[in-house]
Amino acid sequence: MNQRELGDSGVEVSEVGFGAWVVGTDWWGDRTREQAVDMLHHAVDRGITYFDTGDVYGHGDSEELVGEALGEYREEVTISTKVGYDFYNNPQAGHGELPKRVDPEWVETALDRSLDRLDMEYVDHLMLHNANVDEVDAEVLETLDALEESGRVDSVGWALGPSIGWLAEAENAVEEGFDAVQLVFNVFEQTPGRHTLEAIRELDAETSVIPRVPHSSGLLNEQVTPETELGEGDHRAHRPDEWYEAGWEKVEALRFLEDPESGEGTRTMAQASIRWLLGHDEVATVTPTFRTTDDIDEWAGAADVPPLSEAEMDRVEELYQDNFGVDRDDGMDALRSSVGGTDLEGLDKQAAGD
């Protein structure tokens, strides 16, 4: 497994990371505590060194599991966590969003609580979890600097969400020199990722990109097919039916990626989707949603299959510009914005809710 650096922080991450939102919650399938620990150990065995958790995942349970499973590997792994939600004083209602807090006192207090649950003295990476652009002021930035100086944090990032959009936040993260931005980015959903890459290149910034949802909620790993029935609690069920119906057609346009131009070996569609993301120099690590150890075996294996050639990258770009040859509405024409949609001007998108 190759390693890449988060920004210029010196913190190294495996090209494929483990999104630990799948342990400690039941949003991505039920598993026992023992099964969750086994998954984390399996990921280490497959060469994964970057583990991405957050305090709100299972209201601390994910962090506890990560700490329990990975404590013995502490010097070999890179641990990231997120803070920004007040789940201590607010009950979780389904998949709804909890009240956020990103003030300096809360950020520091939440970090210390996370370190207690992880049973670690520091984290390699700390992300602000779904903070809006107006919440990350000079005092918050000073707090992040102070946490780095204290030795409790080695690098800082900004996780954008929930859902997809938040271009103003991405721009601000790059302008303020965050080491990384985590966002929804995949072959089908490129707008936030492309916007962030452009900002990084325009400013010649060192910020890295950490894509999540690389398989577009089950389309690009082919785990959601026309025969799939998504249960009420399945996190992928938030997508409209039109998204999947159009997506299945788009997947067929990408079949050429399974047969590398180099002629050396093959790729699964899931692996090709990860390799496409890693074809962007600014991408440090890709964090898919592993549900099983088989997923870990296949998707961590993306590091071993041939990278996409320049011609293959160009062909994907041509298909993207032509909507992959699909002439139908996919039901996902809106992006989330905290600034009334002003960050979407010039794009063929509207602000969600407008």
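Please refer to the structure higher up on the page.
Residues numbered from 1 in each chain as written. Predicted model: local features only at pLDDT ≥ 70, side-chain atom pairs only at ≥ 80, totals over all residues. Heavy atoms only, no water.

1. Remarks on the overall build of the chain
For the record, the criterion: Comment: elements are numbered from the N terminus, with helices defined as DSSP H or I runs of at least four residues and strands as E runs of at least two. Our radius of gyration is a C-alpha quantity, and the globule rule it is checked against amounts to 2.2 Å times the number of residues to the power 0.38. Think of it in three bands: with a 1.4 Å probe and only protein chains considered, a residue is buried below 20% of the maximum accessible area for its type, exposed above 50%, and partly exposed in between. Contacts are residue-level and defined by heavy atoms, with any inter-residue pair within 4.5 Å sufficient. Surface accessibility in these figures is a Shrake-Rupley result with a 1.4 Å probe; residues are shielded only by whichever protein chains are displayed. Asp and Glu are treated as the negative residues and Lys and Arg as the positive ones, with His and the ends of the chain left uncounted. Here the site of a charge means NZ on Lys, CZ on Arg, CG on Asp, or CD on Glu.
Scanning the chain from N- to C-terminus turns up ten helices and eleven strands. Relative to a compact globule of 354 residues, whose C-alpha radius of gyration would be 20 Å, the chain shows 19 Å and is just as compact. Counting only C-alpha atoms and orienting by the principal axes, one finds that the chain spans roughly 50 × 45 × 40 Å. In the chain, which comprises 354 residues, the proportion classed as buried is 55%. In the chain, once contacts between residues fewer than 6 apart in sequence are set aside, the share between residues at least 24 apart is 76%. Accessible area of the chain: about 14,900 Å², with a carbon and sulfur share of 40%. Each charge sign in the chain was given a centre, from 25 positive and 82 negative side chains, and these centres are 4 Å apart.

2. A look at unusual backbone geometry
Here the bond from glycine 161 into proline 162 is cis, since omega is 0°, no more than 30 degrees from zero. Structurally, the position occupied by proline 162 is in the loop between β7 (156–159) and α5 (167–175). With a phi angle near 50°, valine 213 is a residue other than glycine that sits in the positive phi range. The residue valine 213 is located in the loop between β9 (208–212) and α7 (241–253) in this model. Of note, serine 216 is a non-glycine position whose phi angle comes to about 50°, a positive value. When you line up the elements, serine 216 lands in the loop between β9 and α7. Overall, serine 216 belongs to the buried group, its relative accessible area being 0%.

3. Notes on the packing of helix α2 (residues 61–70) against helix α3 (residues 104–118)
Basically, it comes down to this: Only the stretch in contact is used when a helix axis is fitted, and all axes are lines through C-alpha atoms; the angle between N-to-C directions ranges over 0 to 180 degrees. Put simply, angles under 35 degrees are roughly parallel, angles over 145 are roughly antiparallel, angles from 65 to 115 are roughly perpendicular, and the rest are oblique. Under the scheme applied, nonpolar residues are Ala, Val, Leu, Ile, Met, Phe, Trp, Tyr, Cys and Pro; charged residues are Asp, Glu, Lys and Arg; polar residues are all the others, including Gly.
The contact between α2 and α3 brings their axes to 7 Å, and the two run at 45°. On the basis of their axis angle, the class for α2 and α3 is oblique. Within the contact between the two elements, α2 uses Glu63, Glu64, Val66 and Gly67 and α3 uses Ser114, Arg117 and Leu118. Grouping the constituent residues of the contact of α2 with α3 by class yields two nonpolar, two polar and three charged.

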